[in-house]
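Chain residues, written in single-letter form:
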Amino acid sequence: MTSSPFPDNFLWGAATAAYQIEGSPLADGAGASIWQRFSHDPRLMASPGDTGDVACDHYNRMESDVALMKELGLQAYRFSVNWGRVLPEGVGRVNDPGLDFYKRLVDALLEQGIEPLLTLHHWDLPVALDDRGGWLNRDSADWFAEYAATMYRALDGRVKKWVTLNEPWVITDGGYLHGALAPGHRNMFEAPIASHNLMRAHGAAVAAYRAEGAHEIGLVVNIEPKYPASDSAEDRAATARAEAYMNRQYLDPALKGRYPKEMAEIFGEAWPEWPADDFKLICQPVDFIGINYYTRNVVRHDPNQWPLRASPVKQVATHTTTDWEVHPPALTDMLVWFRDIYGNIPLYITENGAAFYDPPVAGPDGIDDPLRADYLRTHIAAIGEAIRRGVDVRGYMAWSLMDNLEWSLGYSKRFGIVHVDYETQVRTPKRSARFYSEVIASNGANLG
Ligand code: PNW
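Residues numbered from 1 in each chain as written. Predicted model: local features only at pLDDT ≥ 70, side-chain atom pairs only at ≥ 80, totals over all residues. Heavy atoms only, no water.

**Observations regarding the overall build of the protein chain**
Logical step 1: A tally of helices and strands in the protein chain yields 16 helices and 13 strands.
Logical step 2: Scaling as 2.2 N^0.38, a compact globule of 448 residues should have a C-alpha radius of gyration of about 22 Å, and the protein chain matches this with 21 Å.
Logical step 3: Here the protein chain, with 448 residues, has 62% of them falling under the buried criterion.
Logical step 4: Per element, the accessible surface of the protein chain, about 16300 Å² overall, is 51% carbon and sulfur.
Logical step 5: For the protein chain, the centre of its 42 positive side-chain charges and the centre of its 59 negative side-chain charges are spaced 3 Å apart. (Helix = DSSP H or I, 4+ residues; strand = E, 2+ residues; numbered from the N terminus. Rg over C-alpha atoms; globule rule 2.2 N^0.38 Å. Buried < 20%, exposed > 50% of the residue type's maximum accessible area, 1.4 Å probe, protein only. Areas by Shrake-Rupley, 256 points an atom, 1.4 Å probe, with all protein chains shown as cover. Lys, Arg positive; Asp, Glu negative; His and termini not counted. Charge placed at Lys NZ, Arg CZ, Asp CG, Glu CD.)

**A short note on the UniProt feature "active site" (unreviewed entry) in the protein chain**
Logical step 1: Residues given the UniProt feature "active site" (unreviewed entry) here are E351.
Logical step 2: Relative to the helices and strands, E351 resides in strand β10 (residues 347–351).
Logical step 3: A distance of 3.0 Å separates a polar atom in the side chain of E351 from a polar atom in the side chain of R78. (UniProt positions renumbered as here; feature names shortened; annotations may be inferred. Polar contact = N/O pair within 3.5 Å; in protein donor to acceptor, adjacent residues only side chain to side chain.)

**Here's the deal with the site of the ligand**
Logical step 1: Surveying the vicinity of the ligand reveals 17 residues, the closest of which are Q20, H122, E351, E406 and W407.
Logical step 2: Between E224 and the ligand, the recorded distance is 3.4 Å, taken from a side-chain N or O atom to an oxygen atom.
Logical step 3: Within the side chain of E351, an N or O atom sits 2.8 Å from an oxygen atom of the ligand.
Logical step 4: Protein coverage of the free-state accessible area of the ligand, which is 450 Å², stands at 88%.
Logical step 5: The residue makeup of the shell around the ligand, split by class, is nine nonpolar, four polar and four charged. (Near = heavy atom within 4 Å. Nonpolar A, V, L, I, M, F, W, Y, C, P; charged D, E, K, R; others polar.)

**Describing helix α8 (residues 168–177)**
Logical step 1: For α8, the tally of buried residues reaches 10 of 10 residues, placing the bulk of the element in the interior.
Logical step 2: Count one or two residues on from α8 and you reach G179, which has phi positive near 80°.

**Thoughts on the sheet that holds strand β11 (residues 393–399)**
Sheets are built from strands that pair by backbone hydrogen bonding, the pairs being arranged parallel or antiparallel.
Logical step 1: Spatially, β1-β2-β3-β4-β5-β7-β10-β11 is the arrangement adopted by the eight strands of the closed barrel, whose pairing is parallel. Within the sheet, the average angular offset between the axes of one strand and its neighbour, ignoring direction, is 25°.
Logical step 2: Both strand β4 (residues 161–166) and strand β5 (residues 216–222) contribute to a ladder of four bridges, which runs parallel. When the bridges of β5 are listed, V163 appears paired with G218.
Logical step 3: Set on the sheet, α8 makes contact with β3 (115–121), β4 and β5; between it and β5 the angle comes to about 40°.
Logical step 4: Packing of helix α15 (residues 370–388) onto the sheet brings it into contact with β1 (11–15), β10 and β11, and relative to β11 it is tilted by some 165°. (Pairing = 2+ DSSP bridges. Axes fitted to C-alpha atoms, helices over the stretch in contact; angles between N-to-C directions. Contact = heavy atoms within 4.5 Å.)

**Some words on the nonpolar core**
Logical step 1: In terms of nonpolar packing, the biggest core is built from 154 residues, with L335 and Y436 touching the most fellow members.
Logical step 2: Leaving out residues up to four positions away in the same chain, L335 has contacts with I291, L347, I349, I383, A386, V391 and V393. (Core = buried A, V, L, I, M, F, W, Y, C linked by side-chain atoms within 4.5 Å.)

**Some words on unusual backbone geometry**
Logical step 1: Residue W306 is joined to P307 through a cis peptide bond whose omega torsion reads -10°.
Logical step 2: With omega at 10°, the peptide bond leading from W399 into S400 counts as cis.
Logical step 3: Turning to its location among the elements, S400 is positioned in the loop between β11 and β12 (418–421).
Logical step 4: Not every positive phi belongs to a glycine, and D28 is a case in point at roughly 55°.
Logical step 5: Mapped onto the fold, D28 is located in the loop between α1 (18–21) and α2 (34–39).
Logical step 6: A positive phi is found at E167, a non-glycine position, where the angle reads about 55°.

**With respect to the pattern of salt bridges**
Logical step 1: A full pass over the atoms with the stated rule returns 38 salt bridges.
Logical step 2: Here K226 makes a salt bridge to E224, at a shortest N to O gap of 2.8 Å.
Logical step 3: K226 sits in the buried class, given a relative accessible area of 11%.
Logical step 4: When the shortest N-O distance is used, the salt bridge between K430 and D403 registers 2.8 Å. Taken as a pair, K430 in the loop between β13 (426–429) and α16 (431–441) and D403 in the loop between β11 and β12 lie far apart in primary sequence, 27 residues in all. Take K430 and D403: they sit in the same class, and that class is buried.
Logical step 5: Linked through salt bridges whose partners overlap, the residues forming this network are D358, D369, R372, D403, R414 and K430. (Salt bridge = Lys/Arg side-chain N within 4 Å of Asp/Glu carboxyl O.)

**A word on the sheet that holds strand β6 (residues 226–228)**
Logical step 1: Overall, mixed pairing links the three strands, which are arranged β6-β8-β9 in an open sheet. Strands at the two margins of the open sheet, each flanked by one partner only, are β6 and β9 (310–312). Looking at each pair of strands side by side, their axes are set apart by 45° on average, direction ignored.
Logical step 2: With three bridges connecting them, β6 and strand β8 (residues 297–301) associate as parallel partners. Bridging across to β8, K226 finds its partner in N297.
Logical step 3: Here helix α10 (residues 233–248) sits on the sheet in contact with β6, β8 and β9, set at roughly 125° to β8.

**A closer look at the packing of aromatic side chains**
Logical step 1: Following the criterion strictly, the structure yields 36 aromatic pairs and no others.
Logical step 2: Relative to Y348, the ring of F288 lies with its centre 5.2 Å away and its plane at 80°, an arrangement referred to as edge-to-face. A residue pair is termed long-range when its members are at least 10 positions apart, and F288 in strand β7 (residues 288–292) and Y348 in strand β10 qualify at 60 residues.
Logical step 3: Its relative accessible area of 1% is what places F288 among the buried residues.
Logical step 4: The exposure class of Y348 is buried, given its relative accessible area of 5%.
Logical step 5: An aromatic cluster of at least three residues, connected via ring pairs, comprises W169, Y245, Y259, F267, W271, W274 and F279.
Logical step 6: The ring of Y59 carries the charged tip of R85 above its face, separated from the ring centre by 4.1 Å.
Logical step 7: Over the face of the ring belonging to Y227 we find R296, whose NZ or CZ atom lies 5.3 Å from the ring centre. (Phe/Tyr/Trp six-rings, centres within 6.5 Å; stacked < 30°, edge-to-face > 60°. Lys NZ or Arg CZ within 6 Å of the ring centre and 35° of its normal.)

Listed below in structure tokens is the structure:
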């Protein structure tokens, strides 16, 4: 028997995102998002034909989904708001039926004693704003602050924990540099501008929230620890570039008011001079940082990899069906790394989980997913180890509450602790969900 390293008020929950689960993307007066447009273009989707039109039909099944969360013993639920449901043109006119969906969701959660963690933006930018340049337009900071203020006025007090952006790195790397995600651009000159405007939008939303009388607000980033493949100077420099690009490009400006020096080296002539005043807006005090952790990377120098000149070295290890190495010690390392570089800011693990093969239909005995249950166990234990080493981690959100649309990879990648049968919309908690319920009930004791 080992006692639990997790504090008594540690928050155990699960996470989702609007476009991945809701369905009914245009219902009740909602404006379309860039994911609506992207997923309906089969040339762009790696999984053509999969769209968010129905997804998990959560928009129509919200009450029973909240009841399921209660049954699993979740203490918190992280979800995102589809901006265009609330503001169909992105700014200006508020669409009350859309806003009402999120009010009803928050009320249902609070009624069950489940704490809402609200993410304002998880990638579904309204097309009306994309048509005005999206994140390439400097006005996007004002658009986002207006949207944020609309949400605070509607839900503040009932929602205490707010997230501005989910994973700005994925938005720009996928959406503006490599084109694998909406809006599907492939442009080295656009990527830094989109990143910078996302960070300005984050700062403007934090400032708007302070003006409304804030509770708690934070930024969510994805962090993938980078380890050099060898001790050579070239591999170490490649690792430093990879770490700056993926892990520090957003945290450094938000928490230190500047970009890592490697950014100019990576982007060359595409890296602009930024107005000094912008960093005052970007570097607003935040109450917490949310970290999404899935995997690590072992990195080697690779002159043919554009623009990083670094590439991952595949390890002999278990890999998920998204081909991500399972390596829990890197989660402990990463949390200690964060504290050493940025200070002991309160942290939440806002996503962690794994896609493994599960059948499309649950059998009579449900879904047995030992690899996912083991992924959760070993990663939660790795967080416990970081807490023992003094890192201030306050909560854990499993990704994901249920199987859902894995963006351009579609429905074949199942990340849920609850299985979804997409023909019938029947939800079946997997063995991993039952395991997680026990973790919650024991507050993370005895994980090995
Ligand atoms: C996150 N990477 O995306 C997102 O927040 C979720 O919406 C998504 O479903 C989940 O992780 C699983 O993919 C990421 O390449 C996508 O490092 C890509 C990366 C990281 C996170």
